[in-house]
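Given next are the chains, with one letter for each unit.
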Amino acid sequence: MALALVNGRVLTDAGFRDDIAVLVEGARIAALLAHDDPKLREVERHDLDGLHLLPGFVDAQVNGGGGVLFNNAPTVEAIATIAAAHRRFGTTALLPTLISDDVEVMREAIAAVDAAIAAGVPGVIGIHLEGPYIAPERRGTHDAGKFRVPGADEIALATSLRGGVTLVTLAPERVPADTVRALVAGGAIVAAGHTAATWAQARAGLEAGIRGFTHLYNAMSPLQGREPGAVGAALEDRKAWCGIIVDGAHVHPASLRIALAAKPRGKVFLVTDAMPPVGADHPDYVLYGETITAVDGVVRNAAGALAGSALDMMAAVRNTVRTLDVPLDEAARMAATYPAQFLGLDDRLGRIAPGLRADFALVDDTLSLRGTWIGGAVG
């Protein structure tokens with residue numbers, strides 16, 4: 001069945017257009033048509049009331065939502081709850097993210113994501129394994145007792161997802177270059193994160209196949225005059241991608257503006273690093289046996305370390321526009337187009353263009369979400 005989305009400000013590859021309609025057939029975008037095209041008379045029409053139609057947001061780092069932490073419940077049901085919670089904030093594609101854990105939990109999580117994709121759980125596009133191959137010095141709230149260097153069997157496990165994307169975050173100074181190459185050869189996208197790497201160690205990781213950096217600035221060696229560290233390597237490399245958390249707590253706005261100025265356009269994208277409070281009625285959750293509470297939108301453990309975020313992607317876009325002075329069209333690309341490119345899914349997701357999946361976020365002038373579509377289905 002065909003559906004035409006009309007009377008909206010549509011974000012196309014060329015910018016916002018208010019003189020076109022989006023023709024959806026099944027799960028795909030069939031065409032972008034002039035608003036007076038005769039074809040529009042033959043299909044059902046959905047009036048967008050002049051609101052902004054953005055590509056659905058793509059989040060590469062989602063630890064939890066809807067009161068559920070993926071580590072605590074690596075099941076299809078938990079994944080569905082997390083995805084539904086984030087859909088309420090415009091995210092139409094995400095990677096459930098498992099932070100450092102035991103091999104058996106990793107196995108369960110990968111199997112659950114495979115099953116969720118096979119079952120058609122809306123919005124699930126793969127898995128993010130954030131650790132356990134990371135550095136104790138930059139562990140954040142990860143349990144250092146889980147850290148290890150993967151052998152051949154664990155490399156095979158980490159790359160065993162049958163459907164969707166696998167993203168692995170690791171510390172390049174802890175993992176041999178041959179292991180990075182093996183992960184990439186197995187189909188994984190590898191990012192550096194939770195790392196104490198020197199600039200030279202980070203560079204060696206990039207040369208071995210690391211594609212980007214997980215939550216730039218956070219849990220990584222800083223840029224200094226005589227030792228550029230992981231941050232310096234991330235900002236210097238023209239090809240490397242950088243995820244950023246724009247919540248006002250993880251990174252100072254000036255540092256984020258520096259990253260946007262240093263990197264080529266399109267190489268910085270938004271992530272939430274979201275925890276269970278997103279889309280939940282209560283601010284508490286349990287991580288590694290410790291009860292953690294979001295206070296004023298900031299999530300910290302008892303030691304005071306940031307423990308993920310209570311950020312949703314609609315808020316991240318809003319903050320990017322209002323705090324970083326980024327225009328809405330570019331902020332939307334940072335939430336949709338660029339993460340899809342980083343994940344190698346830009347032929348399917350992240351833009352409003354013919355042939356791509358019909359994933360949309362409908363946003364009003366206050367930058368509040370008014371509706372979503374995933375694969376042409378409104379929700």
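Note that the structure is a prediction, hence the values are computed from the model and not measured.

Undergrad: Even after reading the chapter, I still don't get the sheet that holds strand β6 (residues 44–47), so can you show me in this structure?
TA: Sheet strands pair via backbone hydrogen bonds, and the direction of the pair is either parallel or antiparallel. Strand order in the open sheet made by the four strands is β5-β4-β1-β6, with mixed pairing throughout. On the outer flanks of this sheet lie β5 (28–34) and β6, each paired with one strand and no other. Taking each pair of neighbouring strands and ignoring which way they run, the sheet shows an average axis angle of 25 degrees. Relative to β6, strand β1 (residues 2–6) runs parallel, the two sharing four bridges. Considered in β6, the bridge of L5 is made with H46.

Undergrad: Could you clarify how one ought to interpret the packing of helix α8 (residues 313–324) against helix α9 (residues 328–335) in this entry?
TA: Between two packed helices, both the angle of their axes relative to each other and the distance between the axes serve to describe the pair. Relative orientation of the contacting elements α8 and α9 amounts to 140 degrees, with a least axis distance of 9 Å. Taken together, the axes of α8 and α9 are oblique relative to one another. The crossing of α8 and α9 is right-handed. From α8, M313, V317, T320 and V321 reach across to α9, where they touch L328, A331, M334 and A335.

Undergrad: What's the story with the pattern of salt bridges in this structure? I'm lost.
TA: Here the idea is simple: oppositely charged side chains can pair when their charged atoms come close. Within this structure, the stated rule accounts for 16 salt bridges. Between R148 and E154 there is a salt bridge, and its shortest N-O distance comes to 2.9 Å. Comparing R148 with E154, the two get one shared label, buried. Between D178 and R181 there is a salt bridge whose closest N-O contact spans 2.6 Å. Of the two residues, D178 and R181 both sit in helix α4 (residues 177–185), three residues apart, roughly one turn of that helix. Salt bridges here are not isolated pairs; linked through shared partners, they connect R265, D329, E330 and R333.

Undergrad: How do you make sense of the pairing of strand β21 (residues 360–363) when you look at a structure like this?
TA: Looking along a regular strand, one sees the side chains alternate between the two faces of the sheet. The alternating pattern of β21 places F360 and L362 and A361 and V363 on opposite faces, both of which are buried. Judged from the four bridges that link them, strand β7 (residues 52–55) and β21 form a sheet pairing that is antiparallel. Bridge assignment links H52 to a residue of β21, and that residue is V363. The pairing of β21 with strand β22 (residues 369–374) spans four bridges and is classified as antiparallel. Opposite A361, over in β22, you have T372 as the bridge partner. Here β21 hands over to β22 after five residues, with L367 in that stretch at a positive phi of 65 degrees.

Undergrad: It is not clear to me how unusual backbone geometry should be interpreted in this structure. Could you clarify?
TA: The phi angle of most residues is negative, glycine excepted, and most peptide bonds adopt the trans form. Following G131, the chain continues into P132 via a peptide bond in cis, with omega recorded as 15 degrees. Within the fold, P132 resides in the loop between β12 (126–130) and α3 (152–158). In this model, Y217 sits at a positive phi of 80 degrees, which is unusual for a non-glycine residue. Within the secondary structure, Y217 sits in the loop between β15 (212–213) and α6 (229–236). The class for Y217 is partly exposed, based on a relative accessible area of 22%. The backbone of D296 sits at a positive phi, close to 55 degrees, despite the residue not being glycine.

Undergrad: Please explain the packing of helix α5 (residues 199–208) against α6 as it appears in this structure.
TA: At their nearest, the axes of α5 and α6 sit 7 Å apart, and the two run at 45 degrees to each other. Here α5 lies oblique to α6, going by the angle between them. As α5 runs across α6, the sense of the crossing is right-handed. For the pair formed by α5 and α6, the contact residues are W199, A202, R203 and L206 on the first element and G229, A230, G232, A233 and E236 on the second.

Undergrad: Explanation requested: the sheet that holds strand β19 (residues 290–295) in the structure shown.
TA: Spatially, the three strands line up as an open sheet ordered β18-β19-β20, and their pairing is antiparallel. This sheet does not close on itself; its edge strands, each paired only once, are β18 (284–287) and β20 (298–300). Going from strand to strand, the sheet's axes swing by 30 degrees on average, the running direction of each strand aside. Sheet topology note: the β18/β19 ladder contains four bridges and is antiparallel. Along β19, the bridge assignment pairs V286 with T291.

Undergrad: Sorry, what's going on with the side chain of H250 here?
TA: Tracing the chain through its elements places H250 in the loop between β16 (241–244) and α7 (253–262). From its side chain, H250 meets the backbone oxygen of G308 in a polar contact 3.4 Å long. Among all residues touching H250, those that are not within four sequence positions of it are N218, I245, D273, L306, G308 and S309.

Rules and cut-offs
Residues numbered from 1 in each chain as written. Predicted model: local features only at pLDDT ≥ 70, side-chain atom pairs only at ≥ 80, totals over all residues. Heavy atoms only, no water. Pairing = 2+ DSSP bridges. Helix = DSSP H or I, 4+ residues; strand = E, 2+ residues; numbered from the N terminus. Axes fitted to C-alpha atoms, helices over the stretch in contact; angles between N-to-C directions. Parallel < 35°, antiparallel > 145°, perpendicular 65-115°, else oblique. Left-handed = near helix turned anticlockwise from the far one by under 90°. Contact = heavy atoms within 4.5 Å. Salt bridge = Lys/Arg side-chain N within 4 Å of Asp/Glu carboxyl O. Buried < 20%, exposed > 50% of the residue type's maximum accessible area, 1.4 Å probe, protein only. Polar contact = N/O pair within 3.5 Å; in protein donor to acceptor, adjacent residues only side chain to side chain.

Interpretation note: all reported values are geometric properties and have no functional meaning in isolation.
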